[in-house]
Amino acid sequence: MTISLTRRRTASRPPAVQPSGSAGSRQWVGYAFLSPALLLFVVFVAGPFVAAIVLSLYRWDMLTPAQFAGFGNFTAMFGDPLLYRSLANTFVFASASLITHLVGGLLLALGVNRLKNKVLSYFVRTSLFFPFVISWAAVALLWKYVLDPSFGLLTYYLGRLGVDTPNWFNDPSWALPSIIGIDFWHTIGFTFVIMLAGLQTVPNTLLEAARLDGANARQTLWHVTIPMMSPTIFFAAVITFLGAFQIFDPIQIITPQGGPDNSTMSVVMYLYQKGFQSFQVGYASAVSLLVFAVMMVVTLLQFWGSRRWVHQ
Amino acid sequence: MGAPVTGPAAPARRRRPVRPARVVLGLVLLVVGVLMVAPLVWLIVQSLTAEKAAFSLPPGWLPRPFTLDNFAGIDGLIPFGRMALNSLQVSLISTVGSMLVGVLAGYAFSRLRFRGRQAILLVMLSALMVPVQTTVIPVFVLMRNLGLVDHLAAVWLPALINVFAVFFFRQYFNTIPRELDEAARIDGASHPWILFRIIVPLSGPAIAAMTILAFETSWNNYFGPLIFLSSPQHMTLPIGLVTLQAGQGGSSVVVFAAITAVVVPVMVVFLAFQRSFAASIASAGIRG
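Being a predicted model, the structure only gives us computed values, none of them experimental. (Residues numbered from 1 in each chain as written. Chains lettered and ligands numbered in written order. Predicted model: local features only at pLDDT ≥ 70, side-chain atom pairs only at ≥ 80, totals over all residues. Heavy atoms only, no water.)

Relative to the helices and strands, T255 of chain A is located in the loop between helix 11 (249-254) and helix 12 (267-276). In this view, T255 of chain A contacts F169, I179, P250, T264 and M269 of chain A; residues no more than four positions away in its chain are not counted. (Helix = DSSP H or I, 4+ residues; strand = E, 2+ residues; numbered from the N terminus. Contact = heavy atoms within 4.5 Å.)

A word on the pattern of salt bridges. All names here are of chain B. A complete count under the given rule lists 2 salt bridges over all chains for this structure. A salt bridge links R111 to D181; the nearest nitrogen and oxygen atoms lie 2.8 Å apart. Of the two residues, R111 sits in helix 4 (residues 80-111) while D181 sits in helix 9 (residues 178-186), which places them 70 residues apart along the sequence. Of the residues examined, D181 reaches a relative accessible area of 6% and is grouped as buried. (Salt bridge = Lys/Arg side-chain N within 4 Å of Asp/Glu carboxyl O. Buried < 20%, exposed > 50% of the residue type's maximum accessible area, 1.4 Å probe, protein only.)

This part takes up the nonpolar core. Core analysis: the biggest nonpolar cluster contains 191 residues, and L142 of chain A together with I161, F169, F228 and I259 of chain B have the highest contact counts within it. With 15 residues, the top contributor of residues to this core is helix 10 (residues 217-245) of chain A. With near-sequence residues (within four places) excluded, I259 of chain B lies in contact with A138, L141 and L142 of chain A together with L43 and L241 of chain B. Grouped together as the second largest cluster of nonpolar side chains are 5 residues, F49, L289 and F292 of chain A together with M129 of chain B included. (Core = buried A, V, L, I, M, F, W, Y, C linked by side-chain atoms within 4.5 Å.)

A few words on the UniProt feature "transmembrane region" (unreviewed entry) in chain A. Feature annotation in UniProt assigns "transmembrane region" (unreviewed entry) to the following positions: residues 28-58, 87-110, 122-143, 174-199, 220-248 and 281-304 of chain A. Taken end to end, residues 174-199 of chain A is 96% helix and 0% strand, and its two terminal C-alpha atoms sit 35 Å from one another. (UniProt positions renumbered as here; feature names shortened; annotations may be inferred.)

What follows concerns the confidence of the model for chain B. Residue and element names in this part refer to chain B. The predicted model of chain B averages 86 in pLDDT, with 90% of residues at 70 or higher. For the stretch residues 1-13, pLDDT sits under 50, and the model shows 13 contacts to residues farther than four places along the chain or on other chains. Across the whole predicted complex the pTM is 0.87, and at the interface the ipTM reaches 0.87. (pLDDT = per-residue confidence, 0-100.)

Before going further, it helps to spend a moment on unusual backbone geometry. Most peptide bonds take the trans form, and the phi angle of most residues other than glycine is negative. Positive phi, close to 50 degrees, is recorded for F279 of chain A, a residue that is not glycine. Residue class for F279 of chain A comes out partly exposed when judged on its relative accessible area of 36%. Phi at D150 of chain B is positive, roughly 70 degrees, even though this residue is not glycine. Along the polypeptide, D150 of chain B turns up in the loop between helix 6 (132-145) and helix 7 (153-159).

Moving on, we get to the environment of M129 of chain B. Mapped onto the elements, M129 of chain B comes out in the loop between helix 5 (117-126) and helix 6. Those residues in contact with M129 of chain B that lie beyond four places of it in its chain are F292, M295, M296 and T299 of chain A.

A separate point is the packing of helix 4 of chain B against helix 10 (residues 191-202) of chain B. All names here are of chain B. Contact geometry for helix 4 and helix 10: axes closest at 11 Å, N-to-C directions at 105 degrees. Here helix 10 runs roughly perpendicular to helix 4, going by the angle between their axes. From helix 4, L100, V103, L104, Y107 and R111 reach across to helix 10, where they touch H191, I194, L195, F196, I199 and V200. Of the residues belonging to the contact of helix 4 with helix 10, the class tally is 9 nonpolar, 1 polar and 1 charged. (Axes fitted to C-alpha atoms, helices over the stretch in contact; angles between N-to-C directions. Parallel < 35°, antiparallel > 145°, perpendicular 65-115°, else oblique. Nonpolar A, V, L, I, M, F, W, Y, C, P; charged D, E, K, R; others polar.)

In this section: the environment of I281 of chain B. Mapped onto the elements, I281 of chain B comes out in helix 15 (residues 274-284). Residue classification places I281 of chain B among the buried positions, given a relative accessible area of 3%. The contacts of I281 of chain B, once residues within four sequence positions are left out, are F129, F132, F190, V193 and I194 of chain A together with L213 of chain B.

Turning our attention to the interface of chain B and chain A. Of the residues lining the interface, 104 residues belong to chain B; the matching set on chain A comes to 100 residues. In this assembly, chain B packs against chain A so that about 9400 Å² is buried in total across both faces, 76% of it on carbon and sulfur atoms. For chain B, the biggest contributors to the area lost against chain A are M36, M129 and I137 of chain B; these three give 8% of the whole. Across the chain B-chain A interface, the total number found is 0 salt bridges. Counting every contact that joins chain B to chain A gives 10 residue pairs in polar contact (both at pLDDT 80 or more). With 16 residues, the top contributor of residues to the side of chain B that touches chain A is helix 2 (residues 20-47) of chain B. Looking at the side of chain B that touches chain A residue by residue, the classes come out as 75 nonpolar, 16 polar and 13 charged. (Buried area = accessible area lost by both parts, 1.4 Å probe. Polar contact = N/O pair within 3.5 Å; in protein donor to acceptor, adjacent residues only side chain to side chain.)

So, in structure tokens, the structure goes:
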């Protein structure tokens, strides 16, 4: 992952050496190779993006003719309590996801990296990553049963431990935390793999040098391993946040109405309801641009941050 | 289960005093691993248990009495086979297609010179910041005008362009020495020949990683099919599963059988290609 950020950065610069063999090749060859990608890109990415901006300036229900609304949709967003609610929920979800994933992923990677037993190490790595390859649809349905108040797996064992379990998804104060927990189970394998890959790029010579200088395990961790892993940690933070900010699948599957008292309503869930259930296409487009704005700010922060305080 | 834990401690004993910390670490990670797979084991066990005994308390960890009847019940609720074929069709077309489109574009960006090359690359790269939710409404309008809503094409067509794969292939191709294809050029080889006979064979790991990632994403995709597909015979598995829970009078064991039927093949594929899976995630780490 250390290479990744440097690679990424060179992407925007022209390559140092221009292909010398291309002197004879004509322009059209390049366009020919690029044309499928370019055509699809214009039709399904760039065009729709511009269209989303245009649509956000209209009131339209997909049936009657669209009406120009100027910035009406955007000003309406400011006075929309449900949008604030969904934004707040999304930030709670994304922050909880960020913290639990980074801490959990790093600790698990450090732990697994220290395991000497091959079988145990394989088992832990596999079981951590297993849930991630399963679709959210299957995961969400399964967990509805795991948390079922009458015969659920977790309900039963927590009960045996003397813990009185709430009615997870129907309790406004527990619905979102439940989804945060399920998301952790489903997605931690991803962060774990990234952290493990990053950990393995820390040069052994540095660790040995630190040890020879008399550093104990904790000092080595704080002063060598974590600084060397900072690009990975930073990257994992950005990816986790971006993924979490777009949370939709489990929310729509487990709490199709946005949960009790809108307690699980996320921004994308709200956008989906506005666009595809109440057919307020213009307003939904305005909300979708808000999602884009957050993505853009976070991505730009990544560029800025990786230069400022990430060890290279 | 004690055996694997004593393993790491045993060799250490020869060199240093016993390391109880390492044993504790092994135990903790063992418990974490067991907790992670427990819900999946429970899922599979219940799906293999006869209906009257399933979901008993305390939870059963062996399918007793064992039965496969629950799986036979799935087709009475959703056209499972049809949905599986739909999923396969969408995933195969979008994966193969996007890899082909990506390889061609990656080659253009890496090896060919044409006006606006850097500008086009930059525009495509910045599109990585545009989330699918921003483009989905206009794409839906487009599909509606094309009469493609509730057709599988509405799901796989937009997936043919994978900007991340284009960029990823370009980066990888840049690491392949130019002398190789220049020599072939001098010998009169055409660009398609160079790409598919020299560059692609040398890019095995990159293409494998991207293919796995693209297939997995498409196979598990929920958002796109939810928006574009509505009739059961056109749905993909994730959407089909969720309609199943919406209550069609089927018993919970049958729902579990259906989830199992979706999950187990993925698990098997994952176990077979575990290394490439992890590699694809690690390389996906390049995405920002």
